[in-house]
Amino acid sequence: MCGIVGYIGNKKASPILINGLLKLEYRGYDSAGISTIEKTGLSTMKDKGRVKNLYNLPEIDNLEGTIGIAHTRWATHGKPSKENAHPHMDNTKTFSVVHNGIVENFNELKKLLCDNGYTFYSQTDTEIIPNLIDYYYKKETDNDDLKFLRAVKNACNSLKGSFALEIICKDYPDNMIVVRKDSPLVIGKGNGENYISSDIPAMLSYTKEFYLLNDLEYVVLSKDDAKFYNNNLEPINKEIKLIDWNASSAEKGEFEDYMLKEIYEQPKAIRETIGSRINKNSKCEFEELNFTKDYLQGLNKIYFVACGTAMHVGLAGKDMIEKLCKIPTEVDIASEFRYRDPLIDEKTLCIFISQSGETADTLAALKLSKECGAKTLAITNVIGSSITREADYSIYTHAGPEIAVASTKAYTSQVVLVAMLAIYFAETLELSAEKTTLLNSLKEELLVLPKKVQKTLETSTEIKNFAKRIYKEKDIFFLGRGIDETVAKEASLKLKEISYIHSDSYPAGELKHGPIALIENDVTVISIMTDHKLVKKTVSNIQEVISRGAKTLIVTNQQIDTDMFDMVIRIPETSTFISPILSIIPLQLLAYFTSKEKGLDVDKPRNLAKSVTVE
Ligand code: M6R
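Each chain carries its own residue numbering, running from 1 in the direction its sequence is written. Local features in this predicted model are restricted to residues of pLDDT 70 or higher, and side-chain atom pairs are both shown and tallied only at a pLDDT of 80 or more, whereas totals for entire chains, interfaces and linings draw on every residue. Based on all heavy atoms of the structure, the side-chain values leave hydrogens and waters out of the count.

## Description of the site of the ligand
Here, proximity means that at least one heavy atom of the residue falls within 4 Å of the molecule or strand. Neighbouring residues of the ligand: 14 residues in total, closest Ser 354, Gln 355, Ser 356, Thr 359 and Glu 497. Nitrogen and oxygen atoms within 3.5 Å of one another constitute a polar contact, given that in protein one can donate a hydrogen and the other can accept it, and given that sequence-neighbouring residues count only through two side-chain atoms. One of the backbone N or O atoms of Thr 309 is found 3.2 Å from an oxygen atom in the ligand. Contacts to the ligand include Ser 356, whose side-chain N or O atom sits 2.7 Å from an oxygen atom. Values of accessible area rely on a 1.4 Å probe in the Shrake-Rupley scheme; residue burial ignores everything except the protein chains shown. Isolated, the ligand exposes 410 Å² of accessible area, and the fraction of that covered by the protein chains is 90%. Lining residues are those with an atom within 4 Å of a point, where the points come from a 1 Å grid over the protein atoms alone and group into cavities, where a 1.4 Å probe fits but cannot get out, or pockets, open sets with protein on both sides within 12 Å along at least five of seven lines. What decides whether a molecule sits in a cavity or pocket is whether more than half of its atoms lie within 2 Å of the grid points. According to the grid-proximity analysis, the pocket containing the ligand is the largest pocket. Its residues placed into classes, the shell around the ligand shows 5 nonpolar, 7 polar and 2 charged. When residue character is reported, Ala, Val, Leu, Ile, Met, Phe, Trp, Tyr, Cys and Pro are called nonpolar, Asp, Glu, Lys and Arg charged, and the others, Gly included, polar.

The structure is reproduced here in structure tokens:
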């Protein structure tokens, strides 16, 4: 949540900062601001609303400084307003700060500062930080090069909660300090310049060389240098990481929206996620993993822990691991898992799924699992993200940057990766010959999947027509059984987050136990049917809603009598284990076209942000 950008070099900073903010707007978009160091001191401009309001300010062109910090906000403390927008300055206007995260002890700190004569002008927790830095700065007796850094460090030591900070100081016009704790921040190395960002894609057009920061590592930046310090302010070395995403992968190209582009990128994302991990005649390989048969046999449980769409991947994973490996598997929402004393120990494997690798609840759940002695495995799309740096093992989807708030290609790539993981576990466990045949056919299915995904995308025109019929509705229901119910959940989330239509998903068999009371004339019911063992049962449930006047859309690869339904979308056949990868695609498109029909901002739905780095 919240996007942070910074620049220090020889060029005018403001256009680079604005450009970075535009690329990071998916992280938060209720206000934006910028501070640069000018010849006259610090200059700050900010406004409520989208970044375009900021760059439309006539004064912005007057900023000449070559050092600057900028922020696009997703409000936590204080409503979206100009006063609450970042950057925030201290009372003496010596420091300017942008902050991503939450200061949990801000009331105590505010009292301390008020008692010492400081005044506050916003409702944010962030305004504490520049004033706290000033408070410690004034206590410094040595006027040496590290005075600024010591003041920042002392302030950070007083903060509870999470933060990624960029700080500039009018007394140090050639430097910027950055630090993070439980909130993302990377430094891109240029030629005689440094770029700072909360997300790699925003800086890809400038550099592919990044420094990845650990918690409470401080960086003093100048245009030619980046000096790294640990929390005791001892100098440390940092290696550069080369990120091989290309800049165009973070651009919309010929597509109207990122979401549509990302939906159409799914064949490629899946192909690249499979990579060389699967071959027809050999075992599935994960060079990052070294699980043994003994270890897997000794497991009491596997946990998938994640949020939102990533949690829905866990549901598909449970089905695969329990059926292919016979290991009891549970799925939990990270924000619940953390607070319910989960039964985990050294015989539990906890798998954390997160596209961004930065989701605060998932990260905290991971830390808790480690404390309880469990082994931890991260599945993410972002190399070097916080979750990968905490986990014992990390495996990556290779979906490329996902910019739209609604997750699409990350979901399907994650299901592919979890399927391969289940195959790898099953092969390591050396189960029966019958299982080997099943695993081999599943591998063959995975290898042809990108083509089938391409074919499934051809349903787009029919889906667009259906979207035209439903976009004015208030409630939509998604039904499925078994693996199709997990897709119903994901489809319902996708529709509600970008079309603002209330939708719910239910196991089809559960309908008669309550939800059917909501079915009345012309209500839309959407059902997924890909499991031949369950299709007849689901058809019966849909007949029950048709009798009560519902209009129906069916996504299926089964032989069914199509006459009774309003629309049937046919998708290619595949193994039930991996059918969510195909059956979700028409429903991603349905969410997209419904949102477009309503004239909404598909990529930046209201109240949401791409990566949820606060609890
Ligand atoms: O980055 P993560 O995968 O950890 O994010 C988890 C959820 O916030 C995310 O999947 C969210 O539910 C999406 N907006 C769904 O489209």
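Once you've had a look at it, read on.
## A look at the environment of Val 178
A helix here means a DSSP run of H or I that spans at least four residues, while a strand means a run of E at least two residues long, and both kinds are numbered starting from the N terminus. By the secondary structure assignment, Val 178 is in strand 8 (residues 176-181). Relative accessibility decides the category of a residue: with a 1.4 Å probe and only protein chains considered, values under 20% of the type maximum give buried, values over 50% give exposed, and everything between is partly exposed. By relative accessible area, Val 178 is classed as buried at 0%. In this structure, the C-alpha to C-alpha distance between Val 178 and Ala 164, residues 14 residues apart in sequence, is 7.5 Å. Note on definitions: a residue-residue contact is assigned when non-hydrogen atoms from the two residues lie within 4.5 Å. With residues up to four places along the chain from it excluded, the contact list for Val 178 reads Leu 165, Glu 166, Leu 185, Ile 187, Ile 196, Leu 213, Glu 217, Tyr 218, Val 219 and Leu 221.

## A look at the packing of aromatic side chains
When the centres of two rings from Phe, Tyr and Trp lie within 6.5 Å, Trp using its six-membered ring, the rings pair. Their planes under 30 degrees apart give stacked, over 60 give edge-to-face, and anything left gives tilted. In the structure shown here, the tally under the stated rule is 16 aromatic pairs. Ring geometry for Phe 291 against Phe 425: centres 5.8 Å apart, planes inclined by 75°, an arrangement best described as edge-to-face. Of the two residues, Phe 291 sits in the loop between helix 7 (266-274) and helix 8 (293-297) while Phe 425 sits in helix 13 (residues 409-429), which places them 134 residues apart along the sequence. Each member of the pair Phe 291 and Phe 425 is classed as buried. Note on Phe 477 and Tyr 506: the rings are 6.5 Å apart at their centroids and 25° apart in plane angle, and the pair reads as stacked. Pair noted here: Phe 477 is in strand 21 (residues 475-480) and Tyr 506 is in strand 22 (residues 502-507), with a separation of 29 residues, a long-range link. The two residues Phe 477 and Tyr 506 agree in class, both being buried. Feature note: the residues Phe 286, Phe 291, Tyr 295, Tyr 393, Tyr 424 and Phe 425 constitute an aromatic cluster, connected by ring pairs. Looking at Lys 147, its charged tip hangs above the ring of Tyr 137, at a distance of 4.4 Å from the centre. Two conditions define a charge sitting above a ring: the NZ of Lys or the CZ of Arg must be within 6 Å of the ring centre, and it must be within 35 degrees of the ring normal. Against the face of Tyr 500 rests Arg 606, its NZ or CZ located 3.9 Å from the ring centre.

## Remarks on the pairing of strand 23 (residues 524-529)
Here strand 23 lies mainly inside the structure; 6 of its 6 residues are buried. Residues of strand 23 alternate between two faces, with Thr 524, Ile 526 and Ile 528 on one and Val 525, Ser 527 and Met 529 on the opposite face, all of them buried. In this analysis, strands are considered paired if DSSP registers two or more bridges between them. Summarising the sheet, strand 23 and strand 24 (residues 551-556) pair through 6 bridges and their orientation is parallel. Of the residues in strand 24, the one forming a bridge with Val 525 is Thr 552. By convention a crossover is right-handed if, when the strands point away from the viewer, the path from the first strand over the helix to the second runs clockwise. Each parallel crossover has a hand, and for strand 23 linked through helix 17 (residues 535-547) to strand 24 it is right-handed.

## Observations regarding helix 11 (residues 360-371)
An ideal rise of 1.5 Å per residue puts 16 Å on 12 residues; helix 11 measures up with 17 Å between its terminal C-alpha atoms. Looking only at helix 11, the buried set comprises Ala 360, Asp 361, Thr 362, Leu 363, Ala 364, Ala 365, Leu 366 and Ser 369. Those residues of helix 11 hidden inside the fold are in contact with strand 16 (301-306), helix 10 (334-337), strand 18 (348-354), strand 19 (375-380) and helix 12 (386-390). One or two positions beyond helix 11, positive phi appears at Gly 373, with a value near 95°. Expected span of a helix, by definition, is 1.5 Å for each gap between consecutive residues, and there is one gap fewer than residues.

## Regarding the layout of surface pockets
A water-sized probe rolled over the atoms picks out the places where empty space is left. Roughly 660 Å³ of internal volume is contained in the largest pocket. Around the largest pocket sit 31 residues that line it, and Cys 307, Gly 308, Thr 309, Lys 610 and Val 612 are the ones nearest its centre. Taken together, the elements giving at least two residues each to the lining of the largest pocket come down to helix 9 (308-325), strand 18, helix 11, helix 13 and helix 16 (483-499). Considering each element in turn, the lining of the largest pocket owes the most residues, 5 residues, to helix 9. Considered class by class, the residues forming the lining of the largest pocket number 14 nonpolar, 12 polar and 5 charged. Its residues assigned to classes, the lining of the second largest pocket shows 8 nonpolar, 7 polar and 5 charged. Grid points are joined across faces, edges and corners, and a volume is the space filled by probe spheres set on the points.

## Section: empty space enclosed by the protein
What the rule picks out here adds up to 2 cavities of 30 Å³ or more. Its volume calculated, the largest cavity comes out at about 250 Å³. Around the largest cavity sit 27 residues that line it, and Ser 198, Asp 199, Ile 200, Ser 356 and Val 382 are the ones nearest its centre. Taken together, the residues that form the lining of the largest cavity break down as 13 nonpolar, 7 polar and 7 charged.

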